Amino acid sequence: MSLPPDAPPLSAAAPPQAQGLRCGPWALAFPFTWARNLVDEVELSDVPHAPAWLLGAANVDGTVIPVFDLLRWLDPAQGTPTGPGSHVLIGGDGDQVAGLIFRGLPTRVRPVGGTAPGVPPALAEFVRGAAVDAQGHPWALIDAPALLEAWAAELSLA
């Protein structure tokens, strides 16, 4: 499925651009209003008794943040390889800052009207619309704050 690159924005409140990340077979976009920084290398400290999708904690610019592997959360049999070629997208504000590890380079995308491409059922409730890249390929626009809130709730039960 491909959305037309000239499709109208979702609404006036929609972010003008987003950061597209490949997560296994899924194309996911995180609004620039959430995404703050891109880090090439982070040193991770283990978090005792954490699920495998919480890779660890990292000190980024003097702030200790959790680093999550969205791919492993979606599919425990998979995981995002760390090391050369991996990056961490840092997003959020205040005490809601976190990192998402991914491989490759991010893609600049823009929100559009229309339906987002398919995502796994666990992520469906966090999809807030669709986005397209410069070639017209579709991306699912993710509500990162809501996703992080759900992860925090899940971690508090662990």
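In short, a report on the structure. These figures come from a predicted structure and were not determined experimentally.

**Comments concerning the pairing of strand β8 (residues 98-103)**
At step 1: Most of β8 sits out of view: five of its six residues are buried.
At step 2: Across two bridges, the pairing between strand β6 (residues 63-68) and β8 is parallel. Within β8, the position partnered with Phe68 by the bridge is Leu100.
At step 3: Pairing between strand β7 (residues 86-91) and β8: six bridges, direction antiparallel. Looking across to β8, one finds that Ile90 is bridged to Gly99.

**Regarding the nonpolar core**
It is characteristic of soluble globular proteins that their nonpolar side chains tend to be buried jointly.
At step 1: Counting residues in each nonpolar core, the largest one holds 30 residues, and the members touching the most others are Leu28, Phe30, Leu70, Trp73, Leu123 and Trp151.
At step 2: Those elements that place two or more of their residues in this core are β1 (18-23), β2 (26-31), α1 (70-74), β8, β10 (127-132), β11 (138-142) and α3 (144-157).
At step 3: Excluding residues within four positions of it along the chain, Leu28 makes contact with Gln19, Gly20, Leu21, Cys23, Leu70, Val119, Leu123, Trp139, Ala140 and Ile142.
At step 4: Counting residues in hydrophobic clusters, the runner-up holds 10 residues, among them Ala58, Val88, Ile90 and Val97.

**What about unusual backbone geometry?**
Negative phi is the rule for most residues except glycine; trans is the rule for most peptide bonds.
At step 1: The backbone of His49 sits at a positive phi, close to 65°, despite the residue not being glycine.
At step 2: Looking at the element boundaries, His49 is found in the loop between β4 (44-45) and β5 (54-60).
At step 3: Here the phi dihedral of Asp61 falls at roughly 55°; this positive angle occurs in a residue that is not glycine.
At step 4: Mapping Asp61 onto the fold places it in the loop between β5 and β6.

**Topic: the pairing of β2**
At step 1: For β2, the tally of buried residues reaches six of six residues, placing the bulk of the element in the interior.
At step 2: Residues Trp26, Leu28 and Phe30 line one face of β2 and the alternating positions Ala27, Ala29 and Pro31 line the opposite face, and both faces are buried.
At step 3: Pairing of β1 with β2, which is carried by six bridges, proceeds in the antiparallel orientation. Counted as the bridge partner of Arg22 is Ala27 from β2.
At step 4: Following β1, the chain reverses through two residues before pairing antiparallel with β2; Gly24 in that reversal takes a positive phi of roughly 60°.
At step 5: Note: β2 against β11, two bridges, orientation parallel. By the bridge assignment, Leu28 is partnered in β11 with Ala140.

**Remarks on the sheet that holds β2**
At step 1: What the five strands build is a closed barrel, ordered β1-β2-β11-β10-β9; its pairing is mixed. The mean angle between the axes of side-by-side strands here comes to 50°, regardless of whether they run parallel or antiparallel.

**A word on the layout of surface pockets**
At step 1: The computed volume of the largest pocket comes to approximately 180 Å³.
At step 2: Together, 13 residues line the largest pocket, and Asp40, Glu41, Val42, Gly83 and Ser86 are the ones closest to its centre.
At step 3: Among the elements that take part in the lining of the largest pocket, β7 stands out by supplying three residues, more than any other.
At step 4: Considering only residue class, the lining of the largest pocket consists of six nonpolar, five polar and two charged.

Scoring rules and cut-offs
Residues numbered from 1 in each chain as written. Predicted model: local features only at pLDDT ≥ 70, side-chain atom pairs only at ≥ 80, totals over all residues. Heavy atoms only, no water. Buried < 20%, exposed > 50% of the residue type's maximum accessible area, 1.4 Å probe, protein only. Helix = DSSP H or I, 4+ residues; strand = E, 2+ residues; numbered from the N terminus. Pairing = 2+ DSSP bridges. Core = buried A, V, L, I, M, F, W, Y, C linked by side-chain atoms within 4.5 Å. Contact = heavy atoms within 4.5 Å. Axes fitted to C-alpha atoms, helices over the stretch in contact; angles between N-to-C directions. 1 Å grid on protein atoms, 1.4 Å probe; cavity = no way out; pocket = protein on both sides within 12 Å on 5 of 7 lines; lining within 4 Å. Points joined across faces, edges and corners; volume = space filled by probe spheres on them. Nonpolar A, V, L, I, M, F, W, Y, C, P; charged D, E, K, R; others polar.

Coordinates in, geometry out; function isn't part of it.
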